[in-house]
Amino acid sequence: MKKIMAGVIALITASLICGSAFAAKEISKAEAKKYHKVGTVSSTKEHTSPRAAMEEISKKADAMGGKYFVITSGNEGDKVRATATVYK
């Protein structure tokens, strides 16, 4: 019983700490009209996948207090970069 309880507590703690659970989410330009613009962010690193660039954008949007973002530009090739507008 103690092992099960410890496992449950560890699982709950891990899910609360997980950054992606609170990450800003990508929305469409049409959806963005419902929210207040906070600013813009861009990926500063050259990533090898679009997902990695979006994760960086999401973290930066979180840091500036945004809940949502719209990708406004991107460059995909050997390296991936992106820019986004952040909304609350």
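Residues numbered from 1 in each chain as written. Predicted model: local features only at pLDDT ≥ 70, side-chain atom pairs only at ≥ 80, totals over all residues. Heavy atoms only, no water.

S.K.: Mind showing me how you'd approach the pairing of strand β3 (residues 68–75) here?
M.R.: The pairing of strand β1 (residues 25–26) with β3 spans 2 bridges and is classified as parallel. Looking across to β3, one finds that Lys25 is bridged to Tyr68. Here β3 pairs with strand β4 (residues 81–87) via 7 bridges, running antiparallel. In the sheet register, Ser73 faces β4, and the bridge partner there is Thr83. Linkage of β3 to β4, two consecutive antiparallel strands, is achieved through a turn of 5 residues. (Pairing = 2+ DSSP bridges. Helix = DSSP H or I, 4+ residues; strand = E, 2+ residues; numbered from the N terminus.)

S.K.: Quick question: what am I supposed to make of helix α3 (residues 50–63) here?
M.R.: An α-helix turns once every 3.6 residues. As a result, residues three or four positions apart point the same way. Its 14 residues give α3 an end-to-end C-alpha distance of 20 Å, which sits within 8% of 20 Å, the value for a rise of 1.5 Å per residue. Listed in full, the buried residues belonging to α3 are Ala53, Glu56, Ile57, Ser58 and Ala61. Close packing links the buried residues of α3 with β2 (37–42), β3 and β4. (Expected span 1.5 Å × (residues − 1). Buried < 20%, exposed > 50% of the residue type's maximum accessible area, 1.4 Å probe, protein only. Contact = heavy atoms within 4.5 Å.)

S.K.: Sorry, what's going on with the nonpolar core here?
M.R.: In summary, soluble globular proteins display a tendency toward joint burial of nonpolar side chains. By size, the foremost hydrophobic cluster in this structure holds 8 residues: Ala24, Val41, Ile57, Ala61, Phe69, Ala82, Ala84 and Val86. Secondary-structure elements contributing two or more residues to this core are α3 and β4. If you tally residues by element for this core, the top one is β4, at 3 residues. Excluding residues within four positions of it along the chain, Ala61 makes contact with Ala24, Val41, Gly66 and Val86. Counting residues in each nonpolar core, the second largest holds 5 residues, with Ala32, Tyr68, Val70 and Tyr87 among its members. (Core = buried A, V, L, I, M, F, W, Y, C linked by side-chain atoms within 4.5 Å.)

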